[in-house]
Amino acid sequence: MKTERPVRVRFAPSPTGPLHIGGVRTALYNYLFARQHGGTMILRIEDTDSQRFVPGAEEYILESLAWCGIEIDEGVGAGGPHAPYRQSERREIYLQYARQLVDAGWAYYAFDTAEELDALRKEYEQRGETFAYNYSVREKLPTSLSLPREEVEARMARGDQWVVRFKMPENEVVEMDDLIRGHVSVNTSTLDDKVLYKSADALPTYHLANIVDDRLMEVSHVIRGEEWLPSLPLHYLLYRAFGWSDVQPEFAHLPLLLKPTGGGKLSKRDGDKMGFPVFPLFWKSPATGETAHGYREDGYLPQAFVNMLALLGWNPGTEQEIFSMEELIGAFSLERVSKSGARFQPEKAKWFNAQYMHRMSDSELAAIYQPVLREHGIEVSDELAGRAAGIMKERATLTTDLWGLTSFFFVAPTEYEEKQTKKYWKGDNPAMLSALREVLAGIDDFSLENTERIVHAWIQERGYSMGQVMNTLRLALVGAGKGPGMYDITAFIGREETLRRIDALLRNVKPIE
Ligand code: GLU
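Residues numbered from 1 in each chain as written. Predicted model: local features only at pLDDT ≥ 70, side-chain atom pairs only at ≥ 80, totals over all residues. Heavy atoms only, no water.

Participant: Lay out the layout of surface pockets in plain terms, naming residues and giving numbers.
Facilitator: Roughly 490 Å³ of volume is contained in the second largest pocket. Around the second largest pocket, the lining is made up of 20 residues, and of these Asp112, Leu117, Val163, Arg165 and Val195 lie nearest the centre. When contributions to the lining of the second largest pocket are tallied by element, the ones reaching two or more residues are helix H4 (114-126), strand S5 (163-166) and strand S8 (195-198). Sorting elements by how many residues they give to the lining of the second largest pocket places H4 first, with three residues. Looking at side-chain class alone, the lining of the second largest pocket contains 10 nonpolar, three polar and seven charged residues. (1 Å grid on protein atoms, 1.4 Å probe; cavity = no way out; pocket = protein on both sides within 12 Å on 5 of 7 lines; lining within 4 Å. Points joined across faces, edges and corners; volume = space filled by probe spheres on them. Helix = DSSP H or I, 4+ residues; strand = E, 2+ residues; numbered from the N terminus. Nonpolar A, V, L, I, M, F, W, Y, C, P; charged D, E, K, R; others polar.)

Rendered as structure tokens:
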């Protein structure tokens, strides 16, 4: 039985490109778990693989987490008692731990060059076998297990490159526990001797740095993607080799995010093919200039995005689907995270966004809509921005829909949709619109209710059809057959603008013969 200790979790991404939404979900579950237990959320950047380092990726990670409302208590960007939190800045820590393992017989030095290993692999392939660096070969290859000590020292002294490999035991069953998967056991004969440290760049590999840092940073729970489950036996053995088994973290491996079609891991290609983002924010590769869509730029609200992600792999056990971050913190539990992969549904992401859009108050809408209006050169009060968006929000799925749905509130039509023009700009309608113009010009209180009352009475008195009047007026005010109720528009744009738009249609568009 482990003793209770403070909950300390970490999100430990490698800055190798834009953060995939699966990574955001891992961060989110860590955050929910930390907050629920009054624990600490750590952000550690695992950048020991210099080959795969991508400039800008770390900033992207920080910005993505901030956009989602995932707060970091300790780590890169926040500081803390175990700083630095970027592994490349902790490099001098790891060598001593690698040495400690060699000295205790848990690891060894290996001098094979990349070419030698390639040649070995080919040789095995030709015999129809697969080469594995493990107990069967380590004493025959140039390692500190096969070479005399003086030779090892001589090679190091003359600057030959070496790595430290873990000496995976032969035929031992490792018994492991996972908070999601339960008990797992693996025979070590199926595993190879992973590289832990490389002299070439004086850096540890993921496995060593990850275990050492989780210990030094007193991590209590490791919540990460399922792709790391195959590394778990090695991690257990590393904890044992260091003598840390009784303080090692508990593990929870999260199910994969699957393609919308179900088979296989969700990839950028799926998103490109089906037109949905697999990244939280827009990304442009500094190296290739290649770009990728992001939820933020594509018009998703962070609350909706987070809500959608939370339910991809976890369920609350009730019918509830809409959860604020606070509610998620209250409801989340690792026990209700599923073992099987979670199929990503792009339509569901849209559904969540629409739900959040529909629930927004006018002032919340104003905050997201004002920047869009400004981009279109429109300066209006928050009141008007929020009111326009509020009138149309029920028809919006994404925030990027708002402009198309509301632009006529702010700009008069300069073109008239052909279909509507052909249908309504003919016969009695131009004369009727002229007459309606005079009625409208005489209304002082241009409020929705008053205008509606007066115009309705006039329509009845004249014996016009309601559709005929409203559609002709719509053509004048919107230029198309869309938009909310006509009096929402007249009240919004006001009397002078209403008259101006009617005059423009009368003046500029010849009625259809
Ligand atoms: N750096 C690893 C990654 O990018 C972290 C895995 C872990 O959480 O142990 O996913």
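Alright, that's what it looks like, and here's the rest.
Participant: Quick one: what's the story with the pattern of salt bridges, residue by residue and with numbers?
Facilitator: Think of it this way: side chains of opposite charge can pair up when their charged atoms draw near. Taken as a whole and assessed by the stated rule, the structure comprises 33 salt bridges. Of the charged contacts in the structure, one is a salt bridge between Arg44 and Asp214, with a shortest N-O distance of 2.8 Å. Separated by 170 residues along the polypeptide, Arg44 in the loop between strand S2 (40-43) and helix H2 (57-68) and Asp214 in helix H6 (residues 206-216) bring together distant segments of the chain. Asp214 shares its class with Arg44; the two are buried. With its nearest N and O atoms 2.5 Å apart, the salt bridge here joins Asp503 to Arg437. With Asp503 in helix H19 (residues 486-508) and Arg437 in helix H16 (residues 429-441), this pair connects stretches of sequence that are 66 residues apart. One continuous salt-bridge network, built from bridges that share partners, spans Arg10, Arg44, Glu46 and Asp214. (Salt bridge = Lys/Arg side-chain N within 4 Å of Asp/Glu carboxyl O. Buried < 20%, exposed > 50% of the residue type's maximum accessible area, 1.4 Å probe, protein only.)

Participant: Pulling in residues and values, what's your account of the environment of Gly299?
Facilitator: Here Gly299 lies in the loop between strand S14 (291-292) and helix H9 (302-310). Residue class for Gly299 comes out buried when judged on its relative accessible area of 0%. Separated by 32 residues in sequence, Gly299 and Ala331 place their C-alpha atoms 27 Å apart.

Participant: Could you give an account of the site of the ligand, with specific residues and numbers?
Facilitator: The immediate surroundings of the ligand are formed by Arg10, Ala12, Pro13, Ser14, Glu46, Tyr206, Asn210, Arg224 and Trp228. Residue Asn210 places a side-chain N or O atom 3.1 Å away from an oxygen atom belonging to the ligand. In this structure, Arg224 approaches the ligand through a side-chain N or O atom, which is 2.9 Å from an oxygen atom. For the ligand, the protein covers 84% of the area, taking 300 Å² as the surface of the free molecule. Of the residues assigned to the shell around the ligand, the class counts are four nonpolar, two polar and three charged. (Near = heavy atom within 4 Å. Polar contact = N/O pair within 3.5 Å; in protein donor to acceptor, adjacent residues only side chain to side chain. Areas by Shrake-Rupley, 256 points an atom, 1.4 Å probe, with all protein chains shown as cover.)

Participant: So what's going on with the sheet that holds strand S9 (residues 203-204)? Residues and values would help.
Facilitator: Across the sheet, which stays open at both edges, the four strands sit in the order S4-S5-S8-S9 with antiparallel pairing between neighbours. Both edges of this open sheet fall to strand S4 (107-110) and S9, since each of them pairs with a single strand only. Pairing of S4 with S5, which is carried by four bridges, proceeds in the antiparallel orientation. The partner of Ala107 across the bridge, within S5, is Phe166. (Pairing = 2+ DSSP bridges.)

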